[in-house]
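# Inside the fold
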Amino acid sequence: DVSYSTVTNKLYFYNTVNSDLMIVNANDFNDAHIVPSGLTTKPTDIEITKNGKYLFILGTNASVISVFDVESETSSVLDFGYQYLTDGTMGNNFYYVAYYRGTGGNDVGGILKIDNNTNSISGHLEWGYQVDQLKLTAAEELLYAVTPVDSTVQVIETRTMNRITS
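As a starting point, this report considers the structure included with it.

What counts and what doesn't
- Residues numbered from 1 in each chain as written.
- Predicted model: local features only at pLDDT ≥ 70, side-chain atom pairs only at ≥ 80, totals over all residues.
- Heavy atoms only, no water.
- Helix = DSSP H or I, 4+ residues; strand = E, 2+ residues; numbered from the N terminus.
- Rg over C-alpha atoms; globule rule 2.2 N^0.38 Å.
- Buried < 20%, exposed > 50% of the residue type's maximum accessible area, 1.4 Å probe, protein only.
- Contact = heavy atoms within 4.5 Å.
- Areas by Shrake-Rupley, 256 points an atom, 1.4 Å probe, with all protein chains shown as cover.
- Pairing = 2+ DSSP bridges.
- Axes fitted to C-alpha atoms, helices over the stretch in contact; angles between N-to-C directions.

## As for the overall build of the protein chain
Broken down by element type, the protein chain carries zero helices and 16 strands. The C-alpha radius of gyration computed for the protein chain amounts to 16 Å, which stays within 12% of the reference 15 Å derived for 166 residues, consistent with globular compactness. With the C-alpha coordinates aligned to their principal axes, the bounding extent of the protein chain is approximately 50 × 35 × 30 Å. When the 166 residues of the protein chain are sorted by exposure, 46% land in the buried category. When contacts within the protein chain are restricted to residue pairs at least 6 apart in sequence, long-range pairs at least 24 apart make up 33% of them. With an accessible surface of roughly 8,100 Å², the protein chain has 46% of that area assigned to carbon and sulfur atoms.

## Brief notes about the sheet that holds strand S6 (residues 54-59)
Pairing in this open sheet of four strands is antiparallel, and the strands run S5-S6-S7-S8 from one edge to the other. Pairing within the sheet leaves two strands with one partner each, and these edge strands are strand S5 (43-48) and strand S8 (74-79). When strand polarity is set aside, the average angle formed by the axes of neighbouring strands in this sheet is 25°. Pairing between S5 and S6: five bridges, direction antiparallel. Note on S6: the bridge partner recorded for Glu47 is Phe56.

## Quick word on the pairing of S6
In the case of a regular strand, side chains alternate between the two sheet surfaces. Across the six residues of S6, five count as buried, placing the element largely inside the fold. Between S5 and S6, which pair antiparallel in sequence order, lie five residues; one of them, Gly52, sits at a positive phi of approximately 75°. Pairing between S6 and strand S7 (residues 64-69): five bridges, direction antiparallel. Directly across from Leu55, in S7, lies its bridge partner Phe68. Once S6 ends, the chain turns through four residues before running back antiparallel as S7, passing Asn61 with a positive phi of about 50°.

## Overview of the sheet that holds strand S14 (residues 142-147)
Adjacent strands of a sheet form backbone hydrogen bonds with each other and so pair up, either parallel or antiparallel. Strand order in the open sheet formed by four strands is S13-S14-S15-S16, and the pairing between neighbours is antiparallel. Both outer strands of the open sheet, strand S13 (133-136) and strand S16 (162-163), are each paired with one neighbouring strand and no more. Examined bridge by bridge, S14 and strand S15 (residues 152-157) share six bridges and lie antiparallel to one another. The partner of Leu142 across the bridge, within S15, is Glu157.

Below you can see the structure in the form of structure tokens.
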């Protein structure tokens, strides 16, 4: 994944070998440098806020989200205790993150709705599905969640975080 910030005019992508973040100037694709992503595991997903100021980076098999400030090039870590974050998608005001933990037939999965301004959970849907991918509709009223166990797409209403399909 690659994210672009209109604030810094830079491209951001993660290194799949370690937990570093690569930053490249989009004017000439020079001035590349590497900074810590704020994670201790390899990143698996990167999304940027609509205002271009913050990157949200998920770690492999982890419960943490690194929030990277593109202007100061520093990060803070959010940990809500939901392990195995698998994918995220960014909206105007909210970041949606899927998680899944399968343990001995007791599967627990869900989607967190995180407020971009407060970095707190403002909604949560828990279910027994693993989610591979999340996508928002253009108006952000619906969230599509791809569930590989049954090859279906679940539809969630984002205001209430209620599942529309079953």
